[in-house]
Amino acid sequence: MQLLYTILIMLLVVSGTRISAQFIPLPLPILQIVIGALLAVPALGLHVRLDPELFLLLFIPPLLFVDGWRMPKGQFRKLRAPILFLAFVLVFVTILGAGYFIHWLLPQVPLAACFALAAVLSPTDAVAVSAIAHGRLPNTLNNLLQGEALMNDASGLVAFKFAVAATLTGVFSFTDASLQFVLVAVGGLAIGVALSYLLGRLRAWMIGRGWEEPAPHVLLMLLLPFAAYVAAEHLGLSGILSAVAAGMMQSRLDLLPRQTTTRLLNRGVWAMLEFTFNGLIFLLLGLQLPDIIKAVIGDHADAWHLLWPALGYVLAIYGVLMVLRFVWVYCYWRTSGMLRRWRGKSTRFAGQSRIALTAVLTIGGVRGAVTLAGVMSLPLLLNNGEAFPERNLLILIAAGVILVSLLVASVLLPQLLPRLPQDNVARHEAELNQHRAQVLQAAIRCLEADDEKAADTDSAIATAEIRAKLMSEYRDLLERARTRRAEESREYQRQCDQLEYRMRLNALRTQRLELYRMRKDHQLDDDMLAEILRDLDNAEARLLKG
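Residues numbered from 1 in each chain as written. Predicted model: local features only at pLDDT ≥ 70, side-chain atom pairs only at ≥ 80, totals over all residues. Heavy atoms only, no water.

S.K.: Kindly report on helix 16 (residues 391–416), identifying the contributing residues and their values.
M.R.: Between its first and last C-alpha, helix 16 extends 36 Å over 26 residues, near the 38 Å set by a 1.5 Å rise per residue. The largest bend along helix 16 reaches roughly 30° and is located at Ser410, with the proline Pro414 sitting one to four residues downstream. (Helix = DSSP H or I, 4+ residues; strand = E, 2+ residues; numbered from the N terminus. Expected span 1.5 Å × (residues − 1). Bend = angle between axes of the 7 residues up to and from the residue.)

As structure tokens, this is what we get:
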């Protein structure tokens, strides 16, 4: 019963912090950590004992799955070079550079454990950056940070698991580890893609038999990241990459026709889960902080004598991470710019300050939920039964780096963002309206070519009137799109009769099929497809409800 009360209290606090963040000038993650630490004081006595393996299984798969699901695939392709260099090469450089630095700073910690800490500090958190930037981050940089966070979550945590395994066994071979890394990575990706594809086939089979109720479909998708993770781990492969691959694959399968209500419910459910899980992770960090500090201090009378060096470790490690990131990003921009000019192409960020871009991307490398979930999963004991070396100190350092990165980003990003040119909103709206016009024209052509079967019956006049009414509405919307005005919300004036319902539904589904064709022919990107598809889904949902 006590566990149930604790869970309910934590969920209530997570919800309350979201409301409080509207009035308290602190980033939401920091606010949740502070409140968690306050709840853990003896006067309130809220205590949560964590099982590391359960913690990793509960939080990591769904968060990585939803990141993979939401990442715009077209933008990912366009930015694949910087994303892959940041997410893989920079992670490898960070593990080596920061790992040796941590071992120099903490010689009592084995080198493999230092590599483990460096690996778990490699993943970045684009969600936290978006919360700090309040939507002022240019779309290209935001997509770059999202893609990096998605991929380095996987690469950093896979490397973390190898480093932890080396710490537990005391055995490490770079050649064997490299080969095994490739095998478990490729195998994990294959498992995630295969399970996601099979689920898509199952859902299509269910839909084909009229089983379109959204709740079972959404429940199956909620179980998919856990199934992908557990299946891959059971086979000795990467469950982390399996969850990522399942999310990216599912984002394509989610475009199945006749899934309007499922998509709407899915978006709401996953938005709620993402908010809840991120909030719980930061809240749990706050709840664990007093115990972690107490474990580091032990029975020493002079607590500050131990905490001041720990603070120094945090600042030093964070500084090294930022220096490595800044140097790597700046060198990449310089090199890629020279290569693009040599090939006669314009640079991706022509006319923009490389220093400002590099500074934003460096400060935007905030550590967050995945780092915390990973470090909290450190095992308690080695294989020989001894305690994991300096486990509490490593967790304290990781938590400190998360806090410092959030604080630094909260202070510096608002100062740096005005130095960057913002997105051309008018151009984005014009491009969006161009695609809207194309799908509206498809609907109009469908209505014009509609051969009404009841043309010789008494309903012919009603049919012609309804068709004319719908075409008038669509032409009005088309005119608005062509004049580049923002599309206004539409409300239907009265409950549709059967003919109007059928023709409206047919027109909406024709627009969706045209949208799928445009996506297949690479005429528009995933983010624009999602935006237009959301409007069509909402319109169809209102029609079905009416």
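S.K.: Tell me about the pattern of salt bridges, and name the residues and values.
M.R.: On inspection of all chains with the given rule, the structure shows 5 salt bridges. Asp521 is the salt-bridge partner of Arg517, the closest N and O atoms lying 2.9 Å from each other. Take Arg517: its relative accessible area is 33%, and that puts it in the partly exposed class. Residues participating in the shared-partner salt-bridge network are Glu514, Arg517 and Asp521. (Salt bridge = Lys/Arg side-chain N within 4 Å of Asp/Glu carboxyl O. Buried < 20%, exposed > 50% of the residue type's maximum accessible area, 1.4 Å probe, protein only.)

S.K.: Go over the packing of aromatic side chains, please, and point to the residues and values.
M.R.: Summed over the entire model, instances satisfying the criterion amount to 10 aromatic pairs. Their ring planes at 35° and their centres at 5.2 Å tell us that Phe65 and Trp270 sit as a pair that is tilted. Linking Phe65 in helix 3 (residues 52–70) with Trp270 in helix 12 (residues 260–297), this pair joins segments that are 205 residues apart in sequence. A relative accessible area of 0% places Phe65 in the buried class. Geometrically, the ring pair formed by Phe326 and Tyr330 is stacked, given 6.4 Å between the ring centres and 0° between the ring planes. Taken together, the residues span about one helical turn, with Phe326 and Tyr330 both in helix 13 (residues 303–342) at a distance of 4 residues. An aromatic cluster of at least three residues, connected via ring pairs, comprises Phe85, Trp328, Tyr332 and Trp333. (Phe/Tyr/Trp six-rings, centres within 6.5 Å; stacked < 30°, edge-to-face > 60°.)

S.K.: Which residues make up the environment of Leu378, and what are the values?
M.R.: Tracing the sequence through the fold places Leu378 in the loop between helix 15 (369–376) and helix 16. Each C-alpha atom of the pair Leu378 and Phe388 lies 8.1 Å from the other, and the pair is 10 residues apart in sequence.

Nothing here speaks to function; it is all geometry.
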